[in-house]
Each structure stands twice: as C-alpha cells, then as structure tokens.
Amino acid sequence: QVQLVESGGGLVQAGGSLRLSCTASGTTFSISTVGWYRQAPGKRRELVARIESDGSTNYADSVKGRFTISKDNTKSTVYLQMNNLKPEDTAVYYCNTRKPFGPDYWGQGTQVTVSS
C-alpha cells in the first residue's frame, strides 16, 4: 500500500528557512503527480506547490519566489525548500501523490511554525 512520510517541520523565526521532505513507499514518483499542501487552524487545506511527472511545477501565489518543490525519483522523495518564511506560512504541511487516473494518498503531516 502507498505510504507517505513527511519530515523537516519545526519552529523558525520569520525570514528563516526550512526544507521539508516526503518519502514514499508503494508508488513511483516518476509517473505520479506530487504536491505539498498546508492547513492552518480554522482554514481550508490549500495547495502550496505541485510537481508533475514531467517535472513541471505549480505554486500558490503566496509562496512564489520563496518556495521550491523538487523530487528525486530514485529516492522516492519530494522536497519543499521554504525560504523567507512568514508567520502566515504557519500550518501543518502535507505531502500528496496521485498516479494518472489513480487515487490520492496523503502523509500524516508535519508542523511548520513561523514566529514573528
């Protein structure tokens, strides 16, 4: 079965950086869409960044220029490099993957807290 495990979250001051990692088992990122989502208390889950099987990427407007998504297919790992973090980036970040015409799978989430 597909399992996703996120890591790399933590507490950081505004302007700092973090790199999140998501390692998958039971699926192949080379033929999958992989994305990072986040959910803050009282708010809807939102897309942060997504990378397609062909390497193309998509970012939420709020993180463009600050966050970078990448993946290593051989390691079945996707990364989210987060720079110039802001307090409004505080949320639980979730890894998601989907094969073409297949179901979605989610990780357990990792907390990112950005202090003022």
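Scroll up to find the structure this text is about.
This structure is a prediction, so every number in the text was calculated from the model and none was measured. (Residues numbered from 1 in each chain as written. Predicted model: local features only at pLDDT ≥ 70, side-chain atom pairs only at ≥ 80, totals over all residues. Heavy atoms only, no water.)

(A) Highlighting the overall build of the chain. A count of helical and extended segments in the chain gives 0 helices and 11 strands. Relative to its length of 116 residues, the chain is compact, with a C-alpha radius of gyration of 13 Å against a globular reference of 13 Å. Once the C-alpha set of the chain is aligned to its principal axes, its extents read approximately 40 × 25 × 25 Å. A burial count over the chain gives 41% of its 116 residues as buried. (Helix = DSSP H or I, 4+ residues; strand = E, 2+ residues; numbered from the N terminus. Rg over C-alpha atoms; globule rule 2.2 N^0.38 Å. Buried < 20%, exposed > 50% of the residue type's maximum accessible area, 1.4 Å probe, protein only.)

(B) Fine view of the pairing of strand β3 (residues 18–25). With 5 bridges connecting them, strand β1 (residues 3–7) and β3 associate as antiparallel partners. What sits directly across from Q3, in β3, is S25. Here β3 pairs with strand β8 (residues 77–82) via 6 bridges, running antiparallel. Bridging across to β8, L18 finds its partner in M82. (Pairing = 2+ DSSP bridges.)

(C) Up close: the pattern of salt bridges. Scanning all chains against the criterion turns up 5 salt bridges. Among the ionic pairs, R38 bridges to E46, the shortest N-O distance being 2.7 Å. As a salt-bridge pair, D89 and R38 come within 2.9 Å of each other at their nearest N and O atoms. Remark: R38 occurs in strand β4 (residues 33–39) and D89 occurs in the loop between β8 and β9 (91–98); sequence separation between them is 51 residues. R38 carries the same exposure label as D89, and that label is buried. (Salt bridge = Lys/Arg side-chain N within 4 Å of Asp/Glu carboxyl O.)

(D) Representation of the sheet that holds strand β7 (residues 67–72) within the structure. If you trace the 4 strands from one edge of the open sheet to the other, you get β1-β3-β8-β7, paired in antiparallel fashion. This sheet does not close on itself; its edge strands, each paired only once, are β1 and β7. If you compare each strand with its neighbour and ignore which way they point, the axes differ by 15 degrees on average. (Axes fitted to C-alpha atoms, helices over the stretch in contact; angles between N-to-C directions.)

(E) Quick peek at the packing of aromatic side chains. In this structure the tally under the stated criterion is 1 aromatic pair. An angle of 65 degrees between the planes, with centres 5.0 Å apart, marks the rings of Y37 and W106 as edge-to-face. In this pair, Y37 is assigned in strand β4 and W106 in strand β10 (residues 104–106), connecting sequence segments 69 residues apart. The buried category is assigned to Y37, whose relative accessible area is 16%. Positioned above the aromatic ring of Y37, the side-chain terminus of R45 is 5.9 Å from the ring centre. (Phe/Tyr/Trp six-rings, centres within 6.5 Å; stacked < 30°, edge-to-face > 60°. Lys NZ or Arg CZ within 6 Å of the ring centre and 35° of its normal.)

(F) Structural context of the environment of S76. For S76, the position within the fold is in the loop between β7 and β8. Residue S76 is classed as buried on the basis of its relative accessible area of 17%. Separated by 72 residues in sequence, S76 and L4 have C-alpha atoms that sit 9.7 Å apart. In contact with S76, other than residues within four places in its own chain, are C22, T23, A24, T27 and F29. (Contact = heavy atoms within 4.5 Å.)

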